[in-house]
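Architecture and fold: a report
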Amino acid sequence: MQSVWTLLSWGPEGWLDDIAYGVFITVSLAAATLPVGLVIGFLVALAKQSDEPSLRLAGNIYTTIFRGLPELLTLFIIFYGAQIGIQQVMRLYDPTAAVEVNAFVSGMIALGVVFSSYASEVFLSAFRAIPKGQYEGGYSVGLSGWQTMRLVVLPQLIRIALPGLANLWLILLKDTALVSAIGLTDILRQAGVAARVTKHAFLFFGVAALIYLLLAIISSFGINAIERAVSRQQVQR
Amino acid sequence: MSVAAIDRPPALPRGWPRQRILGYALVCLWIAFLAGIAAYLILAWNGELFAKYAPGYVSGLGITLLLVAISIVLGAILSVPIAYARMSKNRVLSGLAYAYVYFFRGTPLLAQTFLIYYGVGSFRPQLEMVGLWGFFREAFNCAIFAFSLNTAAYQAEILRGAIQSVPRGQWEGAASLGLHKLQTMWKVILPQALIVALRPYGNEIILMIKGSAIVAIITVYDLMGITKLTYSRTFDFQSYVWAAIIYLIIVEILRHAVEWIERRITIHLHR
């Protein structure tokens, strides 16, 4: 019977190095998804607050579909769907082609799509909180539409949307656990392997849960720092 | 204030501005996409397969709904003492409740489910001693246990937020009328709090329905589990498409139901 500390040590005896690799994968997946999700979410929010009904409709269909599907199902659909789709196309040229879709990229797309559909709602309510006079003011001092957006609206938008986006980041961090189901070696997958080999399931899954908790705590420190920095700008106005 | 003072919204620009071209293009893309899925389902239609697996989907849907219903109810019961502890002035009590809520909201539901499903094996002798081993051997029971604890944490926060959103004057007014604390809670505070809480509760149920898909990983044959099973047997991608349609329909029904109830119970607030 090995002691708990041997199991949790670094090196060939222990599992800490494997779990650390899982932490690396989880964090890089979440960090890679965030910019994609933010950009798509912002664009969808732009479409949903536009005056043009057809743009609003297109944006609303996007949100309805990807907020309504379970994250795990979205992940599977993108992972297997992309595999089958690409394979079909490849077969046209090479009948023996076998395609393996990258689990990391599939996870990134699936989580990014889900994140962006929630983020678009956050951005949309932030857009609604900005008075129309801001646009009119930008227009009256001779700014173009794009300049008004970049110099007048966006700085305020970010400040208003920040709490909601911070919340979404924490949800994203938790949702990355799902990619262990398509074989990506994230924290949970590594903990599962360790649990199966050593038969100390409660220990390793407990450690995995605590690592997620730690990541959430670290994130909230970071979020607080960003919020302080952003609100300092507001005071100087 | 005269009605005439309100301006009519400006008329939409005529012709084909850039936004409209983009909007029509995107809507056409969506139509093409949805039509493509419909065409795929029609082309891939296989009566034999449907007859074989459709009953599985129905029972899987039943398991999903049962799982969510039991977890939500148990979680609601459990959330009351947690919310009470969270609002209590006793530092230890509120600290413990805060730690509970923080843990269950800060870790993935999947990790919690694994912790309970695979982790209870570590406590087999103790559980056998108290006779609970039979309960925890079933994946379905483990899922209910994990989901109830998880949703209790979220529901406790919803309840606390809703109760604290009721102004203090309501408590004081009730006290001045000589109402007991419990009476105040039941007759004055809760009716107002629940209006605030309805939408978050609805969202929590939707999140649970979506979150319950993960039980497929621990071999419960809910809607997602049946879908995975069907796919692994047939390698027919339409099994996932059908599941997506069913999940979308449930979530949309729930979302509209919550909106309808909210309109009904806030009638007295609209003038």
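Residues numbered from 1 in each chain as written. Chains lettered and ligands numbered in written order. Predicted model: local features only at pLDDT ≥ 70, side-chain atom pairs only at ≥ 80, totals over all residues.

Remarks on the overall build of chain A
Within chain A, the regular secondary structure consists of nine helices and zero strands. Scaling as 2.2 N^0.38, a compact globule of 237 residues should have a C-alpha radius of gyration of about 18 Å, whereas chain A reaches 22 Å, well beyond that. Structurally, chain A occupies a C-alpha span of about 75 × 55 × 25 Å along its principal axes. Across the 237 residues in chain A, those meeting the buried criterion constitute 35%. Across chain A, the fraction of contacts at a sequence separation of at least 24, relative to all contacts at a separation of at least 6, is 71%. (Helix = DSSP H or I, 4+ residues; strand = E, 2+ residues; numbered from the N terminus. Rg over C-alpha atoms; globule rule 2.2 N^0.38 Å. Buried ≥ 20, exposed ≤ 12 C-beta atoms within 10 Å, placed from the backbone. Contact = placed C-beta atoms within 7 Å.)

A few points about the overall build of chain B
Within chain B, the secondary structure is distributed over eleven helices and zero strands. For a compact globule of 271 residues, the expected C-alpha radius of gyration is about 18 Å, and chain B comes in at 25 Å, more than 25% above that figure. Looking at chain B residue by residue over its 271 residues, the buried ones come to 29%. The contacts of chain B with a sequence gap of at least 6 include a subset with a gap of at least 24, amounting to 74%.

A look at the environment of Ala161 of chain A
All names here are of chain A. Along the polypeptide, Ala161 turns up in helix H7 (residues 145-175). In this structure, the C-alpha to C-alpha distance between Ala161 and Glu121, residues 40 residues apart in sequence, is 9.8 Å. Apart from the residues within four sequence positions on either side, Ala161 is in contact with Val122, Phe123 and Ala126.

Here's the deal with the UniProt feature "transmembrane region" (unreviewed entry) in chain A
Residue and element names in this part refer to chain A. With numbering aligned to this structure, UniProt lists the feature "transmembrane region" (unreviewed entry) at residues 20-47, 68-86, 106-130, 151-172 and 202-226. Strand forms 0% of residues 106-130 and helix 96%; the C-alpha atoms that close the span are 36 Å apart. Its end C-alpha atoms 29 Å apart, residues 151-172 is made of 100% helix and 0% strand. (UniProt positions renumbered as here; feature names shortened; annotations may be inferred.)

Regarding the nonpolar core
Leu72, Leu73, Ala191, Phe205 and Ala208 of chain A together with Ala111 of chain B are the most contacted members of the largest nonpolar core, which has 92 residues in total. No other element matches the 13 residues that helix H5 (residues 103-129) of chain A contributes to this core. Discounting chain neighbours no more than four positions away, the residues touching Ala208 of chain A are Ile187, Leu188 and Ala191 of chain A together with Ala111 of chain B. One finds Tyr154, Ile158, Leu159 and Ala162 of chain B within the second-largest nonpolar core, a separate group that totals 15 residues. (Core = buried A, V, L, I, M, F, W, Y, C linked by C-beta atoms within 7 Å.)

Looking at the UniProt feature "domain: ABC transmembrane type-1" (unreviewed entry) in chain B
The sites that carry the UniProt feature "domain: ABC transmembrane type-1" (unreviewed entry) are, in the present numbering, residues 61-258 of chain B. Helix makes up 83% of residues 61-258 of chain B and strand 0%, and the two end C-alpha atoms of the span are 21 Å apart.

Some points on the packing of H5 of chain A against H7 of chain A
Residues and elements named next belong to chain A. Where H5 meets H7, the axes come as close as 9 Å, and the angle between the chain directions of the two elements is 160 degrees. Taken together, H5 and H7 sit at an angle that is classed as roughly antiparallel. As for how H5 packs across H7, the hand of that crossing is right-handed. Of H7, the residues touching H5 (which contributes Leu111, Val114, Phe115, Tyr118, Ala119, Val122, Phe123, Ala126, Phe127 and Ala129) are Leu157, Ile160, Ala161, Gly164, Leu165, Leu168, Leu172 and Asp175. (Axes fitted to C-alpha atoms, helices over the stretch in contact; angles between N-to-C directions. Parallel < 35°, antiparallel > 145°, perpendicular 65-115°, else oblique. Left-handed = near helix turned anticlockwise from the far one by under 90°.)

Notes on the interface of chain A and chain B
Opposite the 37 residues of chain A that make contact, chain B presents 35 residues. Counting residues per element, the ones that place at least two in the side of chain A that touches chain B are helix H3 (53-68), helix H4 (71-93), helix H8 (187-198) and helix H9 (201-236) of chain A. The element that contributes the greatest number of residues to the side of chain A that touches chain B is H9 of chain A, accounting for nine residues.

Quick notes on the UniProt feature "transmembrane region" (unreviewed entry) in chain B
Residue and element names in this part refer to chain B. Here the UniProt feature "transmembrane region" (unreviewed entry) sits at residues 21-43, 63-85, 97-120, 132-154, 205-227 and 239-258. Taken end to end, residues 63-85 is 100% helix and 0% strand, and its two terminal C-alpha atoms sit 33 Å from one another. Secondary structure content for residues 132-154 is 91% helix and 0% strand, and the end C-alpha separation is 26 Å.

Focus on the environment of Ala195 of chain A
Within the secondary structure, Ala195 of chain A sits in helix H8. Residue classification places Ala195 of chain A among the buried positions, given that 24 C-beta atoms sit within 10 Å. When neighbours within four sequence positions are excluded, Ala195 of chain A is seen to be in contact with His200, Ala201, Phe204 and Phe205 of chain A together with Tyr118 of chain B.

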